[in-house]
Structures are given as C-alpha cells and as structure tokens.
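# Tertiary structure, described
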Amino acid sequence: MNPIYIDKNEILKCYKPIDKHTHKGIQGHALLIGGSYGKIGAACLSSKAALKTGCGLVTAFIPKCGYEILQISIPEVMVLTDVQEKFISNITFDIVPQAIGIGPGVGQEQATQITFHEFLKTTKVPLVIDADALNILSQNKSWLSLLKPKTIITPHPKELERLIGKWDSEAEKFEKTIAFSKKYQLIIVMKGAPTHIIDGDAVYENTTGNAALATAGSGDVLTGMITSLLAQSYEPINAAILGVYLHGLTADIALPETGYQSFIASDIIDNIGRAYLSITA
Ligand SMILES: NC(=O)C1=CN([C@@H]2O[C@H](COP(=O)(O)OP(=O)(O)OC[C@H]3O[C@@H](n4cnc5c(N)ncnc54)[C@H](O)[C@@H]3O)[C@@H](O)[C@H]2O)[C@@H](O)CC1
Ligand SMILES: Nc1ncnc2c1ncn2[C@@H]1O[C@H](COP(=O)(O)OP(=O)(O)O)[C@@H](O)[C@H]1O
Ligand SMILES: [Mg+2]
C-alpha cells in the first residue's frame, strides 16, 4: 500500500477559493440530522462546524427537546424538529439541501432505525454517515446496498470493526476496508492517528492533527465540516480530503495555546478560520 499523503500541496490541488460575487443562496445548504436526549451537543457541534466551514445555510434536524438548546447556542443555524421529544423518529423536511450529514448523537432507538431505513431508500442527496447511523447500519447490513456510490462514511476504529469485523493486523484492516469500499462503492474516512481515507484502491494518509483531538465530539465536528464541503459542491473525495486536513490542522494551530489536555471540540470549530488562512498563506 502506497498512500497519497494529504499535505498542503495535495490540498492546493482541490481547494476552491471563494468567488467574491457568491451569496448564501449558492454557497450550499447543509442539513445535519443528529442528537437525542442528553446528546443534543453532538447536533450543536456538527451544525456549527458546518457553518464555520463555509456553507451558506445550515439546518439541523433534531428531536424536540433540543429546540431551545440549539437555537440559543447557535442562532445562525436553522432548526427543524422531529415529532418525538427525545429521539428522532420521522425524518421529513421540505428544504432542498445539497448535502446531508447524519448520525452524531442519534442513538439507536427502534423508531430511529426505521426512519433511517426509509430515509436511505428515498434520499438522493449526497450523504455523510457517522456515529450511531453507522452502528445502525452494522446491525442491518443489508441496508448498505441502499447507499449511493461515493457516500462518505466516517467510522472510528470501533465503528469500523462493527461494520467490517475484527482484523488481526494493520495490513488486514486495510485489505478489509478496501474490499468494503469497493463492494459498496463508499468513501471511507478511517478515523485514527493518523486518519486514512479509502476510495476503492486509492489510500490517502492525513498529515495534520495530534492527540489533542482525542476528546468528546471531535468526530461530530468532522462530520459537520465534511458535510459543509460537500454542500459547497466539492467532489465527495475532495470534501473528505479537505475536511480531514482542516480538522487536523485546527489542533496543530491551537496546540501551543491549549496544550493537549485542555483542547476541546469547540476549539476545533474556533480554529477553522485560521486553518483556512494557512492553506493560502
Ligand atoms: N456532546 C455530545 O453530545 C457527544 C455525543 N457523542 C455521540 O455519542 C454516541 C456514542 O459515540 P461513541 O463513539 O462514544 O461510542 P461508541 O460505542 O461507538 O465508541 C466507543 C468505543 O469505541 C472505542 N474507540 C473510540 N475511538 C477509538 C480509537 N481511536 N481507537 C480504539 N478504540 C476506539 C472506545 O474505546 C469505546 O470502546 C455517538 O452518537 C456520538 O456521536 C460523542 O461524540 C461524544 C460527545
Ligand atoms: N491521538 C489522536 N491523534 C490524531 N487524531 C485523533 C487522535 N485521537 C482522535 N483523533 C481524531 O479525533 C476524531 C475522533 O472522532 P470520534 O471518535 O468519532 O469522536 P466523537 O464521536 O466523540 O465525536 C477523529 O477525527 C480522529 O481521527
Ligand atoms: Mg464519533
């Protein structure tokens, strides 16, 4: 396996500068579907990260109990609520997003599983699938064939194991992940230290990031960032590459100020602007 290293050179091949005549209506609308009672923070983090990564509009779809929390903590994000108080049970919306991120904090209630199945059968929008949405897929592997080619999935090692089964060596982990990517035509963001992106036989290795990212919600933030780039009409592989690179770079930039221990997921969001600036510096 000869990975392509995701460094500044590689990023400059796909980074799209902002057109000075752009407006929020053409800058992309991202929909983030996430949260459940006690995990509304996951929806807050992913939707705020999506906005801070540059799409024009962000809507969060959450259970009712998160309505005030989300509106007060991030007034720039629009909110749609499920009929259920504590978990998502019926995903319906009348907006037209260019990308959807689903999974952070959703839990695995039966009703959430059923509506996720219906959603997969009907949606034609480019998707990023993370966290509990991946765990639901692991429990219902026949649903994997519903995923459109180039859907992005973002498993951490445990979520990956639930999807592809155990491995005995690093080499076997890559073999199995590449086979899985080919079988379902998926882009797999294998989160870790470092993160790898698998797109069929192509393997990319990220060069940014550090152990400060080992903190609650840092994956939820990554989901929002990649969904935002997808909504801004980056090709799925480029959205994954740029998202993972910027996400890691925020931790490299913040480290001298926060140290490893006090860096939290909100610090990723706070440093997305500096990460963008360093791409073009
Ligand atoms: N503030 C919030 O609302 C938060 C919500 N979260 C949500 O909580 C739900 C559960 O997510 P979790 O990921 O905690 O639960 P999981 O059960 O999926 O994963 C936790 C398990 O995976 C292992 N693991 C994780 N990263 C690993 C790594 N790099 N190497 C080896 N093992 C690793 C852990 O040791 C643990 O056994 C998700 O829906 C998630 O989005 C979390 O993101 C935390 C913050
Ligand atoms: N030691 C580390 N070095 C670099 N990156 C890390 C390290 N630990 C975690 N990360 C990154 O942090 C993120 C963690 O995601 P995840 O486990 O899904 O978090 P959560 O579910 O809490 O949001 C991934 O992007 C992963 O690559
Ligand atoms: Mg996660």
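The residue count restarts for each chain, going from 1 along the sequence in the order it is written. Each chain takes a letter, starting from A, and each ligand takes a number, starting from 1, following the order in which they are written. Side-chain atom pairs in this predicted model are given and counted only at pLDDT of 80 or more, local residue features only at pLDDT of at least 70, and totals for whole chains, interfaces and linings cover all residues. For side-chain calculations, the full set of non-hydrogen atoms in the structure is used, while hydrogens and water are omitted.

What follows deals with unusual backbone geometry. Cis geometry marks the peptide bond from Ala193 to Pro194, where omega comes out at 5°. Positive phi outside glycine occurs at Gln185, with the angle close to 55°. In DSSP terms, a helix is any run of H or I states spanning at least four residues, a strand is any run of E spanning at least two, and both are numbered starting from the N terminus. In this structure, Gln185 sits in the loop between α7 (170-184) and β8 (187-190).

With that settled, consider the UniProt feature "domain: YjeF C-terminal" (unreviewed entry) in the protein. The positions that UniProt labels "domain: YjeF C-terminal" (unreviewed entry) are, in the present scheme, residues 7-279. Secondary structure within residues 7-279 divides into 45% helix and 14% strand; the distance between the first and last C-alpha atoms comes to 10 Å. UniProt positions are given in the numbering used here, feature names are shortened, and annotations may be inferred rather than shown by experiment.

Quick look at the pattern of salt bridges now. Two side chains with opposite charge may pair up if their charged atoms get near one another. Throughout this description, the term salt bridge denotes a Lys or Arg side-chain nitrogen within 4 Å of a carboxyl oxygen of Asp or Glu. Inspection of every chain in the model, using the stated rule, returns eight salt bridges. A salt bridge links Lys121 to Glu118, with the shortest nitrogen-to-oxygen separation between them at 3.1 Å. Linking Lys121 with Glu118, this pair stays in helix α4 (residues 110-122), spanning three residues, or about one helical turn. Only protein chains enter the calculation, and the probe is 1.4 Å; a residue is then buried if its accessible area is under 20% of its type maximum, exposed if over 50%, and partly exposed in between. For Lys121, a relative accessible area of 43% translates into the label partly exposed. Residue Lys182 is joined to Asp201 by a salt bridge in which the shortest nitrogen-to-oxygen separation is 2.9 Å. Residue Lys182 is located in helix α7, and its partner Asp201 is located in the loop between β9 (196-199) and β10 (202-206); the two are separated by 19 residues in the primary sequence. Judged by relative accessible area, which is 44%, Lys182 ranks as partly exposed. The exposed category is assigned to Asp201, whose relative accessible area is 59%. Counted as one network, the salt bridges with shared partners bring together Lys158, Glu161 and Lys166.

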